[in-house]
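# What the coordinates show
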Amino acid sequence: MSTAVATKVLSDRINRIEVSATLAITAEALKLKAQGIDLADFGAGEPHFSTPQHIKAAAIEAIEKNFTRYTNVAGIPEVRKAIVDRHAADFGTSYTPEECVFTAGGKLAIFNAVEVLIEHGDEVIVPVPFWVSYKDIIEFAGGTPVFVETDEAENFRVTVEMIERAMTPKTKAVILNSPSNPSGAVLPTEDLYAIVRLCHSRGIYVLLDECYVYLTFMGEIVSGASVTEAKEHVIVLGSLSKTYAMTGWRAGFALGPKQIISAMSKLQSQSTSNTASMVQRASIAALAGSQECVSEMRADYIKLRDRVLEGFKTIPGLTCTVPQGAFYVYPNVKAFLGKGGIKTVSELAAKLLSEAHVVVVPGEAFGTSEHIRLSYAVSGDVIDKGVERMRAFFAKLG
């Protein structure tokens, strides 16, 4: 008679992380939509625009010409050249195609960069509020996120002094996301450059999440990689998803020191391998073609932002900073906590979904306890409908 030995099924590393909060909210919303429920959906961070026609045409042409086979793991030379040329034109950088890897979305670029840099015991400084996946990606790698609290009254500004105070001998990297998901805050140029220079002087890597860099509403677009003397400690993590309305295409990239980019490519060779070949061709069209579509989308986002902020003014007790980029608002709902039996913003978000049929993401996912995130990358009609439902919902709470 054998004795059963209890064995652990799941690894410690997978148990260290949670399901992405934004994807979880999206899944719940899809269930309700499948039941025929009309939702005002502000959950997913996804442009409401269609991918521009010239980008779609490039992918179709690639398929028709049978460009459908494996490519170099890091991407074909042409797409990597298009990436470095675009970044050089816009930010004055001087990367080579060998310092670039094309990835299946910006999230994979972040994941791979953290995996090749961070070991057990390493610390990564993360300003709050933060994009949902930073914490889990760092912890999956065995690292420790060190959170730097920001002040809402200062529009969630991150200064070099705040970053310096958080540094320890264990600090390996700092993640900066500007414009920010979830707050839409833009890091002032002087702060951004000062943080990059500080990190370089300390031998600490700066991971620049530039997912929304082209959706800046304050005029000039800025990259921390423009501090070219710090190049050896800067890793640019980019995405075409939001800039060109290409979320489902899974097109991202990283720029950085050749040794790190080579390591990311090696990791990718044992996971996803190359990004879809026709997506690479489409990405070349996006990056090397006219950027007028980006300007048009950005102008529309500004109008939508102003529309939702005007709507919020009609909801007593709701306050919100003015986003300077991206396509999110991050209103403070502290005035409603404790009412109607609602204790947390997660409970508030759940009630908004079940009772008002409004989809939002609770602030706990981003490291704060008094906010909800709404994506205004939707039609104006959805904004109006959603604001009206929120106004009625909050009024009932008293």
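Position numbers for residues count from 1 along each chain, tracking the sequence in the order it is written. Under the rules for a predicted model, residues below a pLDDT of 70 receive no local features and side-chain atom pairs below 80 are neither given nor counted, while totals for whole chains, interfaces and linings still include all residues. Think of the side-chain values as coming from all heavy atoms in the structure, minus any hydrogens and water.

### Some remarks on the overall build of the protein
When helices and strands are counted, the protein shows 13 helices and 12 strands. As defined in this context, the radius of gyration uses C-alpha atoms, and a globule is described by 2.2 Å times the residue total to the power 0.38. Its C-alpha atoms give the protein a radius of gyration of 21 Å, near enough to 21 Å, the size a compact globule of 398 residues would have. Relative accessibility decides the category of a residue: with a 1.4 Å probe and only protein chains considered, values under 20% of the type maximum give buried, values over 50% give exposed, and everything between is partly exposed. By residue count, 55% of the 398 residues in the protein fall in the buried class. In what follows, residue pairs with any heavy atoms lying within 4.5 Å of each other are defined as contacts. Considering only intrachain contacts with a sequence separation of at least 6, the fraction spanning at least 24 residues in the protein is 76%. Where helices and strands are cited, they refer to DSSP runs of H or I of at least four residues and of E of at least two residues respectively, numbered from the N terminus.

### Comments concerning the pairing of strand β2 (residues 100-103)
Two faces make up the sheet, and in a regular strand the side chains alternate between them. With burial as the criterion, each face of β2 is covered, one bearing C100 and F102 and the other bearing V101 and T103. Of the strand pairs in this sheet, β2 and strand β8 (residues 252-255) are connected by 4 bridges, and their pairing is antiparallel. Paired with C100 across the strands is L255, a residue of β8. For two strands to count as paired, DSSP must find a minimum of two bridges between them.

### As for the packing of helix α12 (residues 345-356) against helix α13 (residues 380-397)
Interaxial angles span 0 to 180 degrees and are taken between N-to-C directions of axes, which are lines fitted to C-alpha atoms, for helices over the stretch in contact. For the pair α12 and α13, interaxial distance at closest approach is 11 Å and the crossing angle is 115°. Accordingly, the angle class assigned to the pair α12 and α13 is roughly perpendicular. The element α12 and its partner α13 pack so that their crossing is right-handed. Judged by residue contacts, L348, K351, L352, E355 and A356 of α12 engage R389, M390, F393, F394 and L397 from α13. Charged residues are taken to be Asp, Glu, Lys and Arg, nonpolar residues to be Ala, Val, Leu, Ile, Met, Phe, Trp, Tyr, Cys and Pro, and polar residues to be all remaining types, Gly included. Residue composition of the contact of α12 with α13, grouped by class: 7 nonpolar, no polar and 3 charged. Any angle that falls under 35 degrees is termed roughly parallel, while one over 145 is termed roughly antiparallel, one within 65 to 115 roughly perpendicular, and all others oblique. Should the near helix be turned anticlockwise from the far one by less than a right angle, the crossing is termed left-handed; should it be turned clockwise, right-handed.

### Examining helix α9 (residues 258-269)
The length a helix should cover is 1.5 Å for every residue beyond the first. In this model α9 runs 16 Å from its N-terminal to its C-terminal C-alpha over 12 residues, within 8% of the 16 Å that 1.5 Å per residue would give. Listed as buried for α9 are I260, I261, M264, S265 and Q268. Projection of α9 onto a plane perpendicular to its axis shows the buried side chains occupying an angular sector of 140°, all on one side. Exposed side of α9, more than 90 degrees from the buried face: K258, Q259 and K266 are the residues found there. On its buried side, α9 packs onto β2, α5 (106-117), β6 (205-209), β7 (234-239) and β8. By definition, the arc is the one covered by directions from the helix axis to the C-beta atoms.

### Some words on the sheet that holds strand β11 (residues 361-362)
In space, the 3 strands of this open sheet follow the order β9-β12-β11, with antiparallel pairing throughout. With one partner strand each, in any of the chains shown, β9 (328-329) and β11 form the two edges of the open sheet.

### Focus: a nonpolar patch on the surface
Surface patches are drawn from residues lacking salt bridges whose relative accessible area is over 30%; two like charges belong together within 9 Å, two nonpolar side chains (Val, Leu, Ile, Met, Phe, Trp, Tyr) within 5 Å. Computed with a 1.4 Å probe, the accessible areas rest on the Shrake-Rupley method; for each residue, only the protein chains presented here act as cover. Salt bridge, as used here, is a side-chain nitrogen of Lys or Arg placed within 4 Å of a carboxyl oxygen of Asp or Glu. Together, V9, L10 and I14 make up a nonpolar patch on the protein surface, roughly 300 Å² of accessible area in all. Locating V9 in the fold gives a position in the segment before α1 (12-15).

### A closer look at empty space enclosed by the protein
Site definitions follow a grid-based scheme: protein atoms alone, a 1 Å grid, a 1.4 Å probe that fits but cannot get out for cavities, and for pockets an open set with protein on both sides within 12 Å along at least five of seven lines, plus lining residues having an atom within 4 Å of a point. Grid points are joined across faces, edges and corners, and a volume is the space filled by probe spheres set on the points. On inspection of all chains with the given rule, the structure shows 3 cavities of 30 Å³ or more. Of the pockets and cavities examined, the largest cavity occupies roughly 210 Å³. Forming the boundary of the largest cavity are 20 residues, of which P127, P129, V158, N177 and S180 lie nearest the centre. Sorting the residues of the lining of the largest cavity by element identifies β3 (123-128) and β5 (171-177) as the ones contributing at least two each. Counted by class, the lining of the largest cavity contains 14 nonpolar, 5 polar and 1 charged residues. What the second largest cavity holds in volume is close to 120 Å³. Lining the second largest cavity are 13 residues, with R86, Y214, S239, F253 and L287 positioned closest to its centre. Of all elements in the fold, only α4 (77-91) and β7 reach the threshold of two or more residues within the lining of the second largest cavity. The element best represented in the lining of the second largest cavity is α4, accounting for 3 residues. Within the lining of the second largest cavity, the residues separate by chemical class into 7 nonpolar, 4 polar and 2 charged.

### What about the pairing of β5?
For β5, the tally of buried residues reaches 6 of 7 residues, placing the bulk of the element in the interior. Pairing of β3 with β5 involves 3 bridges; the strand directions are parallel. Within β5, the residue paired with E123 across the bridge is T171. A right-handed crossover is one whose linking path, passing over the helix from the first strand to the second, runs clockwise when the strands point away from the viewer. Regarding the hand of the β-α-β motif, the stretch spanning β5, helix α8 (residues 189-202) and β6 is right-handed.

### Some thoughts on the layout of surface pockets
In this structure, the largest pocket spans a volume of roughly 1,000 Å³. Contributing to the lining of the largest pocket are 45 residues, with S20, T22, K107, W131 and S133 lying nearest its centre. Counting residues per element, the ones that place at least two in the lining of the largest pocket are α2 (21-34), α5, α6 (132-140) and β7. For the lining of the largest pocket, a count of residues per class yields 22 nonpolar, 13 polar and 10 charged.

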